[in-house]
Amino acid sequence: MALLKETATVLGNTTQYGLSDAVKKYTLRDTGFMPTNNGNFQLERPLDPNSPFNTAIKLKITVGKELKTLKMSVTSADGLYPVNIFKDEKNAENVEQFNFIINHLIERDILVAQA
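Calculation notes
- Here the residue numbering is sequential within each chain, running from 1 through the sequence in written order.
- Given that this is a predicted model, residues contribute local features only at a pLDDT of at least 70 and side-chain atom pairs are listed and counted only at 80 or more, while totals for whole chains, interfaces and linings are drawn from all residues.
- As a rule here, side-chain values come from all non-hydrogen atoms in the structure, and water together with hydrogens is ignored.
- Each helix is a run of H or I in the DSSP string that is no shorter than four residues. Each strand is a run of E no shorter than two, and both are numbered from the N terminus.
- Here the globule rule reads 2.2 Å times residues to the power 0.38, and the radius of gyration is calculated from C-alpha atoms.
- For each residue, the accessible area found with a 1.4 Å probe, counting protein chains only, is set against the maximum for its type, and the residue is called buried under 20%, exposed over 50%, and partly exposed in between.
- Note on definitions: a residue-residue contact is assigned when non-hydrogen atoms from the two residues lie within 4.5 Å.
- Here the Shrake-Rupley method, with its probe set to 1.4 Å, supplies the accessible areas, and only the displayed protein chains count as covering residues.
- Under the convention used here, Asp and Glu are negative, Lys and Arg are positive, and both His and the chain ends fall outside the count.
- The atom standing in for a charge is NZ when the residue is Lys, CZ when it is Arg, CG when it is Asp and CD when it is Glu.
- Pairs of strands are assigned from DSSP output, requiring at least two bridges between the strands.
- Angles here are taken between N-to-C directions and fall from 0 to 180 degrees, while the axes themselves are lines fitted to C-alpha atoms, restricted in helices to the stretch in contact.
- Any pair of nitrogen or oxygen atoms within 3.5 Å is treated as a polar contact; in protein, a donor-acceptor pairing is required on top of that, and neighbouring residues in sequence qualify only through side-chain atoms on both sides.

1. Some points on the overall build of the protein
Each helix and strand counted, the protein has 2 helices and 7 strands in total. Over its C-alpha atoms the protein spans a radius of gyration of 13 Å, differing by no more than 12% from the 13 Å that the globule rule assigns to 115 residues. Structurally, the protein occupies a C-alpha span of about 35 × 30 × 25 Å along its principal axes. Each of the 115 residues in the protein was classed as buried or not, and the buried ones make up 39%. Counted over contacts in the protein with a minimum sequence separation of 6, partners at least 24 positions apart contribute 55%. Summed over its atoms, the accessible surface of the protein is roughly 7000 Å², and 50% of this surface lies on carbon and sulfur atoms. Distance between charge centroids for the protein: 9 Å, based on 13 positive and 13 negative side chains.

As structure tokens, then:
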């Protein structure tokens with residue numbers, strides 16, 4: 001399991017993301033992050049734009065309890081294997097959904113893009 005770092009990205013993406021200086025715990029909860037047993041916050045979102053209930057590739061983001069570090073991954077439906085949604089045209093809808101989620105988190109002052 002990858003360690004939490006100050007910047008993170010998902011397999012195949014060239015953009016690095018970091019946490020905004022303005023991030024707050026209540027904003028994390030408002031946007032769907034759930035507290036974990038060790039005090040971190042985790043968000044899991046399916047990347048199937050047609051149905052959020054289908055077993056689909058999912059985006060997982062974990063934010064450290066100190067709100068300074070994070071890790072990100074796009075995984076298979078069971079969460080066990082990393083998936084590169086950027087390498088194949090057939091994943092265009094998954095990429096669009098990924099960008100929608102990330103842009104929402106940027107708008108809410110949770111993430112910042114660091115090209």
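There is more to say after this.
2. Overview of unusual backbone geometry
Within the chain, Leu 67 stands out as a residue other than glycine whose phi angle is a positive 60°. Positive phi, close to 60°, is recorded for Asp 109, a residue that is not glycine. Examined against the element boundaries, Asp 109 turns out to sit in the loop between helix 2 (92-107) and strand 7 (111-113). Given the relative accessible area of 41%, Asp 109 is considered partly exposed.

3. Brief notes about the sheet that holds strand 6 (residues 70-75)
The 4 strands are arranged 3-4-5-6 in an open sheet whose pairing can be described as antiparallel. Each edge of the open sheet is held by one strand with a lone partner, namely strand 3 (34-35) and strand 6. Across 6 bridges, the pairing between strand 4 (residues 41-46) and strand 5 (residues 58-63) is antiparallel. Among the inter-strand pairings, Glu 44 is bridged to a residue of strand 5, identified as Lys 60. Contacts from helix 2 reach strand 4, strand 5 and strand 6, with the element oriented near 25° to strand 5.

4. Side note on the side chain of Asn 40
Along the chain, Asn 40 turns up in the loop between strand 3 and strand 4. By relative accessible area, Asn 40 is classed as buried at 12%. For Asn 40, the side chain forms a polar contact with the main-chain nitrogen of Lys 65, separated by 2.9 Å. Setting aside chain neighbours within four positions, we find Asn 40 in contact with Leu 4, Met 34, Pro 35, Thr 62, Val 63, Gly 64 and Lys 65.

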